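So you can see what is in the structure, the chains are spelled out below.
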Amino acid sequence: MTIFQPQNRAILATTAAAAIAQTLLLREPSTLLVQSLSTPPKVNPSTKSKPSATTPLEPLTRIPPDSPIHTTQTDLAAWSNGFSNCPAELPPTIVPLPAALPPDFPSGTYYRNGHAKFYADDGTPCIHPFDADGMIVAVTFDNSPAGRRNNEILFRNKYVETEGYLDDLRAGTMTRRGLFGTMKSGGIGRNAFRTSYKHVANTHVLHAGDSLYALWEGGLPYELDPLTLKNKQGPGIDGATDLDGLIRDNFGAHPRYDPDRRTYVNFGCSVFDPMKGHVVSLYEVDADTFRSTFKRRDPQQQQQHSAAPSNSSAAPSNSPAAPSAKPPIVPNFRLKAPALLHDFILTKNYCIFNINDTKINTLSALRALLGLSGFAGSIDLNESAPHTHIVLVPRSLFDATDQSSVDDIDPFRDERILAIPVDNHFNFHYANAYEDETTGNIVFDTVQIDGMDLASTTSTDSGQPLWKNDNPFARVAPSRLVRYVLDISNKALAVGTPNPKVLSTRLPEFPSIPPNRSTKRHRYVYPAVARTKVDVDYKTKGHAGPIGGIAKIDVESPENNEYYSFETYEFPGECVLCPKVRREEKEEEKEAEEAIREEDACYLLVNVVNGRDKTTDLLIFDVEGKGALERGPVLRCTLPVFVPHLLHGSFAEGVTFDFEPFRR
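Procedures and definitions
Going along each chain's sequence as written, the residues are numbered from 1 onward. Whole-chain, interface and lining totals are the exception, using all residues; otherwise, since this is a predicted model, local features are given only for residues with pLDDT of at least 70 and side-chain atom pairs are given and counted only at 80 or more. Just so you know, side-chain values use all the structure's heavy atoms and leave hydrogens and water out. Secondary structure counts use DSSP, requiring at least four H or I residues in a row for a helix and at least two E residues in a row for a strand, with both numbered from the N terminus. Any two residues having at least one pair of non-hydrogen atoms within 4.5 Å are treated as being in contact. Where accessible areas are quoted, they stem from the Shrake-Rupley method and a 1.4 Å probe; at the residue level, only the protein chains shown are allowed to cover. We call a residue buried when its accessible area falls under 20% of the maximum for its residue type, exposed when it is over 50%, and partly exposed in between, using a 1.4 Å probe and counting protein chains only. Classification of ring pairs uses Phe, Tyr and Trp, with its six-membered ring standing for Trp, and accepts pairs whose centres are within 6.5 Å; under 30 degrees between planes counts as stacked, over 60 as edge-to-face, and the remaining range as tilted. In this analysis the charged atom, NZ for Lys or CZ for Arg, is taken to sit over a ring once it is within 6 Å of the ring centre and within 35 degrees of the ring normal. For two strands to be treated as a pair, DSSP must find at least two bridges joining them. Helix axes are fitted only over the stretch in contact, all axes being lines through C-alpha atoms; the angle between N-to-C directions runs from 0 to 180 degrees. Charge assignment in this entry is limited to Lys and Arg as positive and Asp and Glu as negative, and neither His nor the chain termini are counted. Salt bridges are counted wherever a side-chain nitrogen of Lys or Arg sits within 4 Å of a carboxyl oxygen of Asp or Glu. N or O atoms within 3.5 Å of each other form a polar contact, as long as, within protein, one can give a hydrogen and the other can take it, and as long as residues adjacent in sequence are counted only when both atoms are side-chain atoms. Here, the term nonpolar core denotes a set of buried Ala, Val, Leu, Ile, Met, Phe, Trp, Tyr and Cys residues that are joined through side-chain atoms within 4.5 Å. What the arc describes is the spread of directions from the helix axis to the C-beta atoms.

**Student:** Can you help me understand the overall build of the protein in this one?
**Tutor:** Across its full length, the protein holds eight helices and 32 strands. Excluding contacts between residues fewer than 6 apart, the proportion of contacts in the protein whose partners are at least 24 apart in sequence is 72%. Of the roughly 24,800 Å² that the protein leaves accessible, carbon and sulfur atoms contribute 51%.

The following block contains the structure:
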């Protein structure tokens, strides 16, 4: 699948590259963008550094002496090893646990997605990890009394069988360019003026109904079997789905869950047209079917729609929706410049975006067209702009009766949209947002950095992958987790307290919360963070470094933040939260317990890459109560195959499978 149709190819070379650059825009900062810190860690006794067995690096003259890479004693060679190909795909495999699961750990399946093939079979590398093929990793827990499998897991992992991945396997080469600088095998002659790119399906994974969805914002979702992880509708492009005709262009990698309506809301960005701009479309799908909610306000129709299995009455992927169904409303707004949109947040009444001041860099676009850099590097963020805008799109637009009334909205002129200027910054990920019932204000937490330089991280000048550079973080600014409060009535930042309020400066990224707190007031955020505290200048690029710990951030009292640090050669990924199992009681007692239930009554799951030994462990933490995180994991299990640095994941509660057919 390409994003450039034949009629578009007549556009001038620079605008061609510009169009391609916009479609995906940015992938995860993952271990590339973890940044700075403030509150001191309580380093666990178990994390005292051991000598690293990796080959010592040459003196890193290009890394500042006050860089977190130095001050946290990070083993950069071990971190680099985490960008090695996953060596094997395993079918469902029973793996014994070193100890039994806690009695209140829920049954379900922990799914992860991320880049996992960084080198083609002929040795051609991905220049940037965001260009690497996606792999799904699944771990099933059956902790039910009937299952009695609390001392074992069902593990499997598989590359998403996209068209590009399968073509690479058949050819033994890199058959497509990547948006972040990766070139086709065969040299510049095979890359110049090649404007198609590979769908890598490497960012996020969600379970809905009886299907699994691999998400990547530069294309359509891939629909997978939750047990085997194979494409449900066939290999290659046949495995992609437009959700029964709902998706117009692309589908973002960060759907936001609404636990009250049991829906996911997401957005998708069209191809950037230098003459017409760029369209951002909004979608709402049922959490049980992952298909359009249609007439969400009609309770009877909604109940019938939600009760249907996800693969029973739905029309085929490329067929029109059933005649009796109301065509879904897809609100959309148009931006004149390419927007760097990777994530957004949701409240009861709003979809919220951070819109930066951007432009196409003509020289970078030309370099990309000539095969000298990645298309994503054609986007320039105006770091000197006085403001960025928080744009609030009302969810009531989904209830419009006429599609034309919600088409091509100008977010800065349409009176239905709120655009609030705030200090200029860039962000990849949000934690959560909610509407304060007392004040009417909107509160949200986000990881922000001062600026973003795509051109330097997508250049092919060095001829080697980003993670092999002397200082992979040379152009990366440190990050912090902050809280904004928006005064909706006055269309401005709320006054009276620091705004934004800094919650953590310990290089936070991948901020997570329990799914049932989405759109609701929350007390805790769980990001991946730097291994130890460092003192950095947030305005200075190069003062960033790899993730080396995890945290429990108390947004009401940041002085109570908790940290857990790993070894210098160990690197955690995103934290995934799952709620503890409630006691079996009468229904009224359950309701009473839920009312007083602590928000942190959860288990935290995280993958940790050991780059020294090239192994990967799954860790489970009980995070309920003060000091719980710092006590360390309640269970740690080495996975049966090395899994590299991954991106996002989710826990599908109640999704289990019979272990017996796989017992050997």
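**Student:** Mind showing me how you'd approach unusual backbone geometry here?
**Tutor:** A negative phi angle characterises most non-glycine residues, just as the trans form characterises most peptide bonds. A cis amide bond links Asn 499 to the next residue, Pro 500, at an omega of 15 degrees. Looking at where Pro 500 falls in the secondary structure, it is placed in the loop between β21 (492-493) and β22 (501-504). Unusually for a residue other than glycine, Gln 73 sits at a positive phi of about 60 degrees. By the element assignment, Gln 73 lies in the loop between α2 (68-71) and α3 (76-81).

**Student:** Where do I start with helix α4 (residues 163-171) in this structure?
**Tutor:** Turn by turn, an α-helix covers 3.6 residues, leaving residues three or four places apart pointing in a common direction. The set of residues buried in α4 consists of Gly 164, Tyr 165, Leu 166 and Asp 168. Packed against the buried residues of α4 are β2 (108-117), β3 (133-142) and β4 (149-159). Once α4 ends, the next one or two residues include Gly 172, with phi positive near 75 degrees.

**Student:** It is not clear to me how the packing of aromatic side chains should be interpreted in this structure. Could you clarify?
**Tutor:** Aromatic rings in a pair are described by how distant their centres are and how their planes are angled relative to each other. All told, the structure shown has 27 aromatic pairs when counted by the stated rule. Centre to centre, the rings of Phe 83 and Trp 467 are 5.1 Å apart; their planes meet at 20 degrees, and the pair counts as stacked. One end of the pair, Phe 83, is in the loop between α3 and β1 (93-96); the other, Trp 467, is in the loop between α7 (454-457) and β20 (479-487), with 384 residues separating them in the sequence. Exposure class is identical for Phe 83 and Trp 467. Each is buried. Where Phe 105 meets Phe 651, the ring centres are 6.2 Å apart and the plane angle is 85 degrees; that geometry is what we call edge-to-face. Taken as a pair, Phe 105 in the loop between β1 and β2 and Phe 651 in strand β32 (residues 649-653) lie far apart in primary sequence, 546 residues in all. Take Phe 105 and Phe 651: they sit in the same class, and that class is buried. Put simply, the rings of Trp 79, Phe 83, Phe 118, Tyr 119, Trp 467 and Phe 473 touch in pairs and so form one group of aromatic residues. The ring of Tyr 569 is capped by Arg 612, whose NZ or CZ atom sits 4.0 Å from the centre of that ring. Lys 614 extends its terminal NZ or CZ atom over the ring of Phe 642, reaching a point 5.7 Å from the ring centre.

**Student:** Would you mind going over the sheet that holds β2 with me for this structure?
**Tutor:** Strand-to-strand pairing in sheets goes through backbone hydrogen bonds, with the strands running parallel or antiparallel. The strand order across the open sheet built from five strands is β1-β4-β3-β2-β32, with neighbouring strands paired in antiparallel fashion. For this open sheet the edge positions go to β1 and β32, each flanked by a neighbour on one side alone. Taking each pair of neighbouring strands and ignoring which way they run, the sheet shows an average axis angle of 25 degrees. Pairing geometry for β2 and β32, over five bridges, is antiparallel. Across the sheet, Arg 112 pairs through a bridge with Gly 649, a residue of β32.

**Student:** Just to check I follow, could you spell out the sheet that holds strand β24 (residues 524-529) for this structure?
**Tutor:** In space, the four strands of this open sheet follow the order β23-β24-β25-β26, with antiparallel pairing throughout. The two strands at the open ends of the sheet, each matched to only one other strand, are β23 (509-512) and β26 (562-565). On average, adjacent strands in this sheet sit at an angle of 15 degrees to one another, irrespective of strand direction. Here two bridges tie β23 to β24, and the two strands are oriented antiparallel to one another.

**Student:** Would you take a moment to explain the side chain of Arg 112 for this structure?
**Tutor:** Note on placement: Arg 112 falls in strand β2. An unpaired buried charge is present at Arg 112: no salt bridge exists, and Glu 574, the closest side chain of opposite charge, is 5.0 Å distant. At 3.0 Å, the side chain of Arg 112 and the side chain of Tyr 110 are in polar contact. Once you skip the residues sitting within four places of it in the chain, Arg 112 turns out to touch Met 135, Ile 136, Val 137, Val 205, Gly 573, Glu 574, Asn 607, Leu 646, Leu 647, His 648 and Gly 649.

**Student:** Looking at this structure, how should I read the nonpolar core?
**Tutor:** Nonpolar side chains tend to gather and get buried jointly when the protein is soluble and globular. If you look at the biggest cluster of nonpolar residues, it comprises 36 residues, and the most contacted ones within it are Tyr 111, Ile 136, Leu 243 and Phe 290. Looking at this core, the elements with two or more residues in it are β3, β5 (204-208), β6 (211-215), β7 (222-224) and β10 (278-286). Broken down by element, the residue count for this core peaks at four residues, all from β6. By size, the runner-up hydrophobic cluster in this structure holds 29 residues, among which are Val 139, Leu 166, Val 643 and Leu 646.

**Student:** How should the environment of Asp 617 be read in this particular structure?
**Tutor:** Within the secondary structure, Asp 617 is located in strand β30 (residues 615-622). Considering only alpha carbons, one finds Asp 617 and Pro 572, 45 residues apart in sequence, at a separation of 9.3 Å. Contact partners of Asp 617, with chain neighbours within four places excluded, come to Val 606, Asn 607, Val 608, Arg 636, Cys 637, Thr 638 and Leu 639. At 2.7 Å, the side chain of Asp 617 forms a polar contact with the side chain of Arg 636.

**Student:** Honestly, the side chain of Asn 441 in this entry has me stumped. Any pointers?
**Tutor:** Structurally, Asn 441 is set in the loop between β18 (430-435) and β19 (442-449). Contact partners of Asn 441, with chain neighbours within four places excluded, come to Tyr 434, Glu 435, Asp 436, Val 485, Leu 486, Asp 487, Ile 488 and Ala 494.

**Student:** I keep staring at the pairing of β18 and nothing clicks. Help me out?
**Tutor:** Look at any regular strand and the pattern is simple: side chains alternate between the two faces of the sheet. Of all six residues in β18, five are buried, a share of seventy percent or more. As defined by bridge partners, β18 adjoins β19 across five bridges and the pair is classed as antiparallel. Note on β19: the bridge partner recorded for Tyr 434 is Val 443. Between β18 and β19, which pair antiparallel and follow one another directly, the connecting turn spans six residues, one of which, Gly 440, has a positive phi of 80 degrees.

**Student:** Would you explain helix α6 (residues 362-369) in this entry?
**Tutor:** Of the residues making up α6, those classed as buried are Ser 364, Ala 365, Ala 368 and Leu 369. Down the axis of α6, the buried side of the element spans an arc of 140 degrees, and every buried residue falls inside it. The opening residue of α6 is Asn 361, an N-cap whose side-chain oxygen sits 3.1 Å from the backbone nitrogen of Leu 363. Gly 371 occupies a position one or two residues after α6 and carries a positive phi of about 80 degrees.

**Student:** What am I meant to see in the pattern of salt bridges here?
**Tutor:** Proximity of charged atoms lets side chains of opposite charge pair with each other. Under the counting rule described, the total for this entry stands at 39 salt bridges. For Arg 291, the salt bridge is made with Asp 244, and the minimal N-O distance between the two is 3.2 Å. With a gap of 47 residues between them, Arg 291 in the loop between β10 and α5 (299-307) and Asp 244 in the loop between β7 and β8 (256-258) connect regions that are remote in the sequence. In this structure, the salt-bridge partner of Arg 395 is Asp 258, at a minimum N-O distance of 2.8 Å. Of this pair, Arg 395 sits in the loop between β16 (387-394) and β17 (418-423) while Asp 258 sits in strand β8, and the two are 137 residues apart along the sequence. By the burial criterion, Arg 395 is buried, and Asp 258 matches it. Overlapping salt bridges, with partners in common, bring together Asp 142, Arg 149, Glu 152, Asp 658, Glu 660 and Arg 663 in one network.

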